[in-house]
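# A look at the structure
Listed below are the residues making up each chain.
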Amino acid sequence: MSIEINNESGVAVDEAELVALARYVFERLFIHPQAELSILLVDEPAMEKLHIELMDEPGSTDVLSVPMDELTPGTPDKPTPQGMLGDIAICPQVAELQAANAGHSTQDEMLLLATHGILHLLGFDHAEPEEKEEMFGLQRELLSGFTGKDAPAETIQ
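Read on for an overview of the structure.

Procedures and definitions
Residues numbered from 1 in each chain as written. Predicted model: local features only at pLDDT ≥ 70, side-chain atom pairs only at ≥ 80, totals over all residues. Heavy atoms only, no water. Helix = DSSP H or I, 4+ residues; strand = E, 2+ residues; numbered from the N terminus. Rg over C-alpha atoms; globule rule 2.2 N^0.38 Å. Buried < 20%, exposed > 50% of the residue type's maximum accessible area, 1.4 Å probe, protein only. Contact = heavy atoms within 4.5 Å. Areas by Shrake-Rupley, 256 points an atom, 1.4 Å probe, with all protein chains shown as cover. Lys, Arg positive; Asp, Glu negative; His and termini not counted. Charge placed at Lys NZ, Arg CZ, Asp CG, Glu CD. Arc of directions from axis to C-beta. Axes fitted to C-alpha atoms, helices over the stretch in contact; angles between N-to-C directions. Parallel < 35°, antiparallel > 145°, perpendicular 65-115°, else oblique. Left-handed = near helix turned anticlockwise from the far one by under 90°. Nonpolar A, V, L, I, M, F, W, Y, C, P; charged D, E, K, R; others polar. Expected span 1.5 Å × (residues − 1).

## What about the overall build of the chain?
Each helix and strand in the chain was counted, giving 5 helices and 4 strands. For the chain, the sequential pattern of α-helices and β-strands runs β-α-β-α-β-β-α-α-α. For a compact globule of 157 residues, the expected C-alpha radius of gyration is about 15 Å, and the chain comes in at 15 Å, within 12% of that figure. By principal-axis analysis of the C-alpha atoms, the chain measures approximately 45 × 35 × 30 Å. Taken over 157 residues, the chain has a buried fraction of 43%. For the chain, long-range pairs separated by at least 24 residues make up 64% of all intrachain contacts whose partners lie at least 6 apart in sequence. Only carbon and sulfur atoms are counted for the fraction: they give 48% of the accessible area of the chain, which is about 7,900 Å². Side chains of the chain give 7 positive and 30 negative charges; the mean places of these two sets differ by 6 Å.

Listed below in structure tokens is the structure:
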């Protein structure tokens, strides 16, 4: 699998752990081993620009997902086809603030945001209560499985 990280944020981030998390999520959701994912770490001004361009909403945000090939989770018998999963943009500065407010580490928040972003790329959403329950439940399960501890409190509503 090809997981590329480009850190333009100016903040030191444990990129290896983000790649390991993405690999873990790919394996658990039966994503084709040749699927591609790009993670971009950006500062607040760059995130605000992306937020306006992609969502037509002002201000910075924590994570944005841009799906490419509209892949969905596979099964053990039928993994997701090979393709470009998409791009995730994460703002470490926003993650740091959210982590402090939630009472967990910035790295835990970065893992939460990366998992959240990957799930969006796979077609999950949280606009409706049933969707939110499914997506956030899977997010907690994946994070707990990866870290070996309880998942951090959701900062994304």
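## A word on unusual backbone geometry
Among all residues except glycine, the phi angle is most often negative; among peptide bonds, the trans geometry is most common. Of note in this structure, Phe30 is not a glycine but carries a positive phi near 55°. With respect to the helices, strands and loops of the structure, Phe30 is situated in the loop between helix H1 (15-28) and strand S2 (36-41). With a phi close to 50°, Glu70 is a non-glycine residue in the positive phi region. Structurally, Glu70 is set in the loop between strand S3 (63-67) and strand S4 (84-90).

## Observations concerning helix H3 (residues 92-102)
Among the residues of H3, Pro92, Val94, Ala95, Gln98 and Ala99 are the ones counted as buried. On an axial view of H3, the arc spanned by its buried residues comes to 150°, and they lie on one face. For H3, exposure combined with an orientation more than 90 degrees from the buried face picks out Leu97, Ala100 and Asn101. Packed against the buried residues of H3 are S2, helix H2 (44-55), S4 and helix H4 (106-121). Of the residues one or two after H3, Gly103 is the one with positive phi, at around 80°.

## Brief notes about the packing of H1 against H4
For the pair H1 and H4, interaxial distance at closest approach is 10 Å and the crossing angle is 40°. Comparing the axis directions of H1 and H4 gives the class oblique. Read as a crossing pair, H1 and H4 show a hand that is right-handed. Contacts between H1 and H4 involve Glu17, Leu18, Leu21, Ala22 and Val25 from the first element and Gln107, Met110, Leu111, Ala114, Thr115 and Ile118 from the second. A breakdown of the residues in the contact of H1 with H4 according to their chemical character gives 8 nonpolar, 2 polar and 1 charged.

## A word on helix H5 (residues 129-147)
Between its terminal C-alpha atoms H5 stretches 26 Å, which fits the 27 Å expected from 19 residues at 1.5 Å a residue. The complete set of buried residues in H5 reads Met135, Phe136, Leu138, Gln139, Leu142 and Leu143. In an axial view of H5, the angular spread of the buried residues amounts to 160°, which keeps them on one side of the axis. Of the exposed residues in H5, the ones pointing more than 90 degrees away from its buried face are Pro129, Glu130, Glu133, Glu134 and Glu141. Against H1 and H4 lie the buried residues of H5.

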